Structures are given as structure tokens and as C-alpha cells.
Amino acid sequence: MKVLIKNKKKTYQEWLRSFNQYKMKYPETYNVMMDNFGKKNMVQNFRPLKYSVGESEAIRTTVHKLIQETARTNINFWGGSADLSSSNKTYFEDDSGFEPQNYENKNVYYGVREFAEASAANGITLYGGSKNFASTFFVFSDYMKNAIRMAALQNIPTIFMFSHDSIALGQDGPTHQPVEHLDSLRAMPNLTLFRPADAIETQIIWEYVVNNTEGPTVLAMSRQDLPVLSGTLKNGEDGVLKGGYILSPAKMDVKQDGIIIATGSEVELALKVQDILRGKSQNVSVVSMPSTDLFDKQSESYKEQILPSKITQRLSIEMGSTLSWYKYVGTEGLTIGIDHFGLSGDATEMMQKFGFNASKIANKYLGKYIV
């Protein structure tokens, strides 16, 4: 044992000499490294991408752009995907991959081993000095589940990024279409899940994710293009990180009749439903709720401001299980979702078949609340 301790001390002293030499030879790089270990490298007001109302982009594409921008900061940011990086778009451009003798590279090619990938990402995060992410299709988050749970138990800020977040991925069929996954992860303690509605919400969320130092985050990303909404440009800065906010208010000069709550790709649909209902003399607000986890942490007065208790005519729209939405719409509320497996087929046709159509949803609202 004494010999072992002596050898370990010798190895440590050799490492310490090498470390101090590095500090003297590369002082700027050394300071950046130590700031990363000290969690001092943050990106404040990080909005590098500019968008106009109506401009369309898939959330996975926005995130891809943000990954490149973050790589240019002092944050030691890296990660990988379970052999789906070209589909997830969670990769660094012009980077051949992290491997022996190429330690400066940022792409980690995990292969199809989701649990090992998420566990490795947790280990990298625990070691410190990095912001690290793991990525795959949302439906395959099931394979990562225990590692995600361990990140939540250990309160470590591993980032999990999942694309193809709904039946809108289409032809791949029900084996690849997440239905229960949003509810499943929302039920996990100490985990913050985001499902952004457009590129503006995504940028605001991204700044939170890369600066976060406590607890894991999940980013659910659309495969399909989503338009930039005027409401996110106007109200997102103050509302997104509260988890839910009024994206499009009810008319002020008329009694409010109802509330529509939506997330992700369905927020645009909620705005179309709002327009139809206004034509039927129903004055409703639209609430975007990118993170139920953060919304639940807000003050009672804020939650009352967004979801006034006196407004009982409530409708939620999300392409997933409706199980958790009764918390926000009440037991008498109307939930538009998917409580069954999907189908293989054209995404647009499936969304119509499963009722994600503004006219159909508006008629359901009118049929339930207007006698």
C-alpha cells in the first residue's frame, strides 16, 4: 500500500508540474479553462440570430445554428448524438469528431447506444469544465430515461436535446412518433423541459440552457418548419422563462370568454383557432407554455394573471398525451391531443386525421361551451 501511495504521489507531482507549465505557456487558454471549471463562463443576452415575423424554420435548425454560435464563445461546449446527428442537426460543422489524438474536437459520435450516451454525458458534466449535451429522436429518450433520472437526482446540468418531437415526423410511423414522452418527462422531479413555439422562443430558452448550472434540461425540437410569431417577438422576452405567458391577449374592450393554451408547433394552430372563435363572438386569449416546469414555479399572482381562475372555458392543444393538461384546463376543460399511437403516413394528412385542424378545434370549443 505504501508503494502504491508513493507511486500515486509521484504521478500527481508530475501532473502538477505539467499543469503549471501549461499555465505559464498558455495563460489565456488556462484562464478560459479555469473559468469553465469555475462555472464563470456565461453568455449574457445571447441572441445571435435575427428573425422577422412569418419567417419559417424548424426548431432543430434553429438549434443547429445556435450550437455553432455557442462554439464561438468561451464556453467549453460539446456533445453528440446517437447516430442521428444529421437528422437531429445537433452537430458542429467542420469538426471531424472527438477521438484519441483529436481531443480538441467537439462532435462525439456515440453510435446507437442511447443509455451509454446519456450516461457518458452525465459523467462529462460531473467532471466539470464543460457544457455537454446528448441527443437523439424524442421517442428514443425512453432508452436514456434512467440516465436522465440520474442527472435529475444528482442535480447536474446535462443538456438533452430531442428532435422529431411529435407525429409530424410522418412516414417513420408510430414506432418513431412520441406520444406519452412529454408527460413522462414532465413528471420527473428536478428536470426542466422546454418545447418552443418558434425561433424566438428557442433563442431565449437556449440562453437559459447554456447558462444553467443546476438540474438537467430537455429541449423538444420540431422536425417541421414553424413560423416566427409576432407575439413571441413582442412578449417572449418577459414571458418565455416564466414557463407560460399570454402570447395573444383577449380583446380588452370585451369580456373575456376563454383561454387557449398550447406548446411548440401547436401555438401557431392556437392562433388560428383564436381568429375563428373571434369571428363567432368568442373573446379568447392564447397562452404559449414552453415549460410547464417553470410555469409551476411562478408566484400564484403571476399564474392567476395568465390563467385567471374566473375563466373556466379553457382549451389545451398539444400533439401528445392529454394527461397532464387537466392541471391547467380543469376537469371540465377541453384537451386536444393524442391519447393513442400514431400512424405511418404523410404528416400533414395525419395531423388533419387526428383533429389538429383549426376549424375542427374551434367547432369542438363551440360545441362544448356555447349552447
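First, a word on scope: everything that follows refers to the structure included in this document. Throughout, a residue's number is its position along its own chain's written sequence, starting from 1. Where local features are concerned, this predicted model is filtered to residues with pLDDT of at least 70; where side-chain atom pairs are given and counted, the filter is 80 or more; whole-chain, interface and lining totals use all residues. To obtain the side-chain values, all non-hydrogen atoms of the structure were included, while hydrogens and water were left out.

Some words on the packing of aromatic side chains
Consideration 1: Geometry of aromatic contacts follows a simple scheme: Phe, Tyr and Trp rings, the Trp one being its six-membered ring, pair when their centres are within 6.5 Å, and the pair is stacked under 30 degrees between planes, edge-to-face over 60, tilted otherwise. One pass over the structure, following the stated rule, counts 20 aromatic pairs.
Consideration 2: Geometrically, the ring pair formed by tryptophan 78 and phenylalanine 98 is tilted, given 5.0 Å between the ring centres and 50° between the ring planes. Taken together, the residues tryptophan 78 in strand E2 (residues 77-81) and phenylalanine 98 in the loop between helix H4 (85-88) and strand E3 (107-109) connect sequence positions 20 residues apart.
Consideration 3: The class of tryptophan 78 is buried, set by a relative accessible area of 13%.
Consideration 4: A centroid spacing of 6.2 Å and a plane angle of 65° characterise the contact between phenylalanine 295 and tyrosine 328, whose relative ring orientation is edge-to-face. Remark: tyrosine 328 occurs in helix H13 (residues 326-329) and phenylalanine 295 occurs in helix H11 (residues 292-296); sequence separation between them is 33 residues. The same class applies to phenylalanine 295 as to tyrosine 328, namely buried.
Consideration 5: Taken together, Tyr12, Trp15, Phe19 and Tyr30 form an aromatic cluster joined through their ring pairs.
Consideration 6: Working rule: Lys NZ or Arg CZ, within 6 Å of ring centre, within 35 degrees of ring normal, means a charge sits over the ring. Against the face of phenylalanine 92 rests lysine 106, its NZ or CZ located 5.9 Å from the ring centre. Secondary structure elements are defined from DSSP: runs of H or I of at least 4 residues count as helices, runs of E of at least 2 residues count as strands, and each element is numbered from the N terminus. Per-residue accessibility, obtained with a 1.4 Å probe over protein chains only, is compared with the maximum for each type, and a residue is labelled buried under 20%, exposed over 50%, and partly exposed between these values.

Regarding the packing of helix H8 (residues 199-211) against helix H9 (residues 230-239)
Consideration 1: Relative orientation of the contacting elements H8 and H9 amounts to 20°, with a least axis distance of 9 Å. Taken together, the axes of H8 and H9 lie roughly parallel to each other. Read as a crossing pair, H8 and H9 show a hand that is right-handed. Contacts from Ile200, Glu201 and Ile204 in H8 reach Thr232, Leu233, Gly236 and Glu237 in H9.
Consideration 2: Each residue is assigned to one of three groups, with Ala, Val, Leu, Ile, Met, Phe, Trp, Tyr, Cys and Pro labelled nonpolar, Asp, Glu, Lys and Arg labelled charged, and all others, Gly among them, labelled polar. Tallied by class, residues from the contact of H8 with H9 come to 3 nonpolar, 2 polar and 2 charged. Angles run from 0 to 180 degrees between N-to-C directions of axes, and those axes are lines fitted to C-alpha atoms, restricted for helices to the stretch in contact. Every angle not falling under 35 degrees, over 145, or within 65 to 115 is termed oblique; those three ranges are roughly parallel, roughly antiparallel and roughly perpendicular. Note on convention: the crossing is left-handed when the near helix lies turned anticlockwise from the far helix by less than a right angle, right-handed when the turn is clockwise. Whether two residues are in contact is decided by their heavy atoms, any of which lying within 4.5 Å being enough.

Structural notes on H9
Consideration 1: Taken together, the buried positions of H9 are Gly231, Thr232, Gly236 and Gly239. Summarising the axial view, the buried residues of H9 lie within an arc of 90°, below the 170-degree limit, and thus occupy one face. H9 presents Lys234, Glu237 and Asp238 as exposed residues on the side facing more than 90 degrees away from its buried surface.
Consideration 2: Considering only its buried residues, H9 is in contact with H8, strand E9 (245-248) and helix H12 (300-306). To obtain the arc, one takes the directions from the helix axis to the C-beta atoms.

Observations concerning the packing of helix H1 (residues 2-25) against helix H2 (residues 27-37)
Consideration 1: One can describe the packing of H1 onto H2 by two numbers: an axis separation of 5 Å at closest approach and a directional angle of 115°. Counted together, Phe19, Tyr22, Lys23, Met24 and Lys25 of H1 and Pro27, Thr29, Tyr30, Met33 and Met34 of H2 form the full contact between these two elements.
Consideration 2: Residue composition of the contact of H1 with H2, grouped by class: 7 nonpolar, 1 polar and 2 charged.

So, the sheet that holds strand E6 (residues 192-194)
Consideration 1: Whether two strands pair depends on DSSP finding at least two bridges between them. Read across the sheet, 6 strands follow the order E3-E2-E4-E5-E7-E6 without closing on themselves; strand pairing throughout is parallel. Strand pairing shows two members of the sheet lacking a second neighbour, E3 and E6, which therefore form its edges. The sheet shows a mean angle of 20° between the axes of neighbouring strands, taken without regard to direction.
Consideration 2: Sheet analysis places E6 next to strand E7 (residues 217-220), joined by 3 bridges and oriented parallel. Paired with leucine 193 across the bridge in E7 is valine 218.

Considerations on the pattern of salt bridges
Consideration 1: For this analysis, a salt bridge means a side-chain nitrogen from Lys or Arg found within 4 Å of a carboxyl oxygen belonging to Asp or Glu. Under the criterion given, the structure shown has 12 salt bridges.
Consideration 2: Aspartate 257 is the partner of lysine 255 in a salt bridge, and the nearest nitrogen-oxygen pair spans 3.9 Å.
Consideration 3: Note that lysine 272 and glutamate 268 form a salt bridge whose closest N and O atoms lie 3.8 Å from each other. Taken together, the positions of lysine 272 and glutamate 268, both in helix H10 (residues 266-279) and 4 residues apart, correspond to about one turn of that helix.
Consideration 4: A relative accessible area of 27% means that glutamate 268 is categorised as partly exposed.
Consideration 5: Through salt bridges with shared partners, a single ionic network connects Arg47, Glu207 and Glu237.

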